[in-house]
Amino acid sequence: MRRVGVLQDWASQFAAPIRGFLCWTFALAAFVFLRGTLHILSDIWHPSHAAPSVGWRIAHKAIGLSLPVLAVVFAMAWWTVWRRRPSARGWALAASLVNVLFGCMMFYFAGRAFWQGTVLQLTLGVAGLVVFSPRNLTARLAQKTPVLPPIPGDGTNALLDKMIWIFGLAGYLAAAKWWVRWAHSEGLARSYRPGSYLELLLALLVVTLVHELGHTIVGKALGMKLRGFVVGPFDWHIREGKWEFRFLPAKIFALDGATGVVPTTLEHFRSHQLCMIAAGPAASLIGGLLALGAALTAPGNSWEPAWHFLARIATLSLLASILNLIPFRAKNSYSDGAQIYQLLSKGPWGDYHRALSIVASTLVTPLRPRDYDIEAIQRAAACIAQGQRGLLLRLHASSYYLDRGQITEATQSLAEAEAIYRDSAQNISAELHTAFVFRTAFLRRDAAAARLWWQRMEAKNPTRFNVDYWLARSALCWVEHHLDEAQEAWHKAFALAQQLPKAGAYEYDRYRATLLWRALDQSLSARLTQDQPTTTR
């Protein structure tokens, strides 16, 4: 049964990115059919050759009537899936069925002459029928991360956040049209290739890689430490002092990236952060110019067959370098331009970035939570009072006070984090729930609330059984008076804590283990005293 559950989880992880990918193939198909409609209608009313036959006119009119219908079907499939509408399942299945029918027609009429296109069309159609067929699809599509309203002072604009994607698509289409004209003038007229989708995904992956390498190289040059590197579904992170690699199926077609570089010193903090962030768009610009030069010089050279791939890299890289410098928010993350604006603002958002840098530096320096800039955390928290950012600021403040032995203040910060969780930050990871379990049990001695946090964590299917997990487990069992289980969990946590590197964040983990052991030891001693028989004279 467990193996079946694992397979179902993997199927669910793959289904979501496939639905996302097919959503944009629907948009592309709608655009193609719309262009075809306009072209055929223009040819009907303004024939390009003399005296067309009656059959020709009838065929063109029939196609002219069918193409707008197909454009509507694919456009509605794209729109309803993208917006997660209740009607998404029906429209997506209709569009997928059209893909299957087109694939069968291509096989019947073209046979082996166009077998690659036939396979691609059938694959898209069958995949759509599979991933959009579940009857509970509407409920699944409704389960999405809520997008929080803009936070004052973050440098973004709600209208621009939506328009930025239109600008990007318009720029890409305009560039594609220019490349077609250039290729024709150079004798490189390119016919349709079934591998275009995969080629586009590969180009996006290359562009993302170059962008993130820009952040990484400049960050390392400024003395920062690399802690994580993400390009599309490929995720490298240092966890508990060791590099780990994960392949994330859910991000196969969501080709975004991230670079985790943390400062080892706060000297020249703002200037170093600005240089590291700006290095991403700069790398995209350099990579785009190099790809542009290679594409323009491809005719007559050995790399001529790759001209279209190079042209795509050039277009995407140059667009990325420009658009990334514009302050905007995509879902709940910020562009490089928005982060640069926030650092230069020197207000609460500047405090936010400084606070996060100090927190991150505890992973590679002797600094501990007691060394946090609590004033910067509080100023940032006063402005950022929602979402995961607001929640983390309160948890960092709670860690600061706990590490300093200020239990009352640590408890108050924990309560503020709980309030944000209830209002706008329910979609936090399973691992982050352990902080609530441990602190609710240890700071507040509230067994019922700690058990509720534990149940919330288990509902997220935790996969990392690390120090935080076992400390939370021990604290929960301790506050529920299951002392033997608490002691067993504590020993697991302590053994893992001893293996962690010598850095401030891990010293804090060992410190928390010490605090919990003192409380647990007192409870064990009290139980031993109660179990001893009393003697009477």
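The coordinates are above.
Presented here is an overview of the structure given in this document. (Residues numbered from 1 in each chain as written. Predicted model: local features only at pLDDT ≥ 70, side-chain atom pairs only at ≥ 80, totals over all residues. Heavy atoms only, no water.)

## Overview of the packing of helix 8 (residues 269-296) against helix 10 (residues 336-345)
Contact pair helix 8 / helix 10: the axes reach a minimum separation of 9 Å and the direction vectors enclose 165 degrees. In terms of their interaxial angle, helix 8 and helix 10 are classed as roughly antiparallel. Once helix 8 is placed against helix 10, the crossing between them reads as left-handed. Together, Phe269, Arg270, Gln273, Leu274, Ile277, Ala278 and Pro281 of helix 8 and Asp336, Gln339, Ile340, Leu343 and Leu344 of helix 10 make up the contact between the two elements. Tallied by class, the residues present in the contact of helix 8 with helix 10 amount to 8 nonpolar, 2 polar and 2 charged. (Axes fitted to C-alpha atoms, helices over the stretch in contact; angles between N-to-C directions. Helix = DSSP H or I, 4+ residues; strand = E, 2+ residues; numbered from the N terminus. Parallel < 35°, antiparallel > 145°, perpendicular 65-115°, else oblique. Left-handed = near helix turned anticlockwise from the far one by under 90°. Contact = heavy atoms within 4.5 Å. Nonpolar A, V, L, I, M, F, W, Y, C, P; charged D, E, K, R; others polar.)

## Considering the nonpolar core
Nonpolar side chains in soluble globular proteins tend to end up buried together. Judged by nonpolar contacts, the single largest core of 66 residues is most densely connected at Phe442 and Trp478. Considering each element in turn, this core owes the most residues, 10 residues, to helix 17 (residues 467-479). Those residues in contact with phenylalanine 442 that sit more than four places away from it in its chain are Leu402, Trp478, Leu515, Leu516 and Ala519. Counting 24 residues, the second-largest nonpolar core is a separate cluster that includes Phe21, Leu22, Val98 and Leu120. (Core = buried A, V, L, I, M, F, W, Y, C linked by side-chain atoms within 4.5 Å. Buried < 20%, exposed > 50% of the residue type's maximum accessible area, 1.4 Å probe, protein only.)

## Side note on the pattern of salt bridges
Within this structure, the stated rule accounts for 17 salt bridges. A salt bridge links aspartate 373 to arginine 354; its shortest N-O distance comes to 3.2 Å. With aspartate 373 in the loop between helix 11 (348-361) and helix 12 (374-383) and arginine 354 in helix 11, this pair connects stretches of sequence that are 19 residues apart. One salt bridge in this structure joins glutamate 507 and arginine 510, with 2.9 Å as the shortest N-O distance. Pair noted here: glutamate 507 and arginine 510 are both in helix 19 (residues 504-531), with a separation of 3 residues, about one helical turn. Within this structure, Arg239, Glu244 and Arg464 form a network of salt bridges that share partners. (Salt bridge = Lys/Arg side-chain N within 4 Å of Asp/Glu carboxyl O.)

## Here's the deal with unusual backbone geometry
Of note, the phi angle at histidine 268 is positive, near 55 degrees, even though the residue is not glycine. For histidine 268, the location among the structural elements is in the loop between strand 4 (257-262) and helix 8. In this structure, histidine 481 takes a positive phi of about 70 degrees despite not being glycine. Within the element layout of this structure, histidine 481 appears in the loop between helix 17 and helix 18 (483-498). Residue class for histidine 481 comes out exposed when judged on its relative accessible area of 66%.

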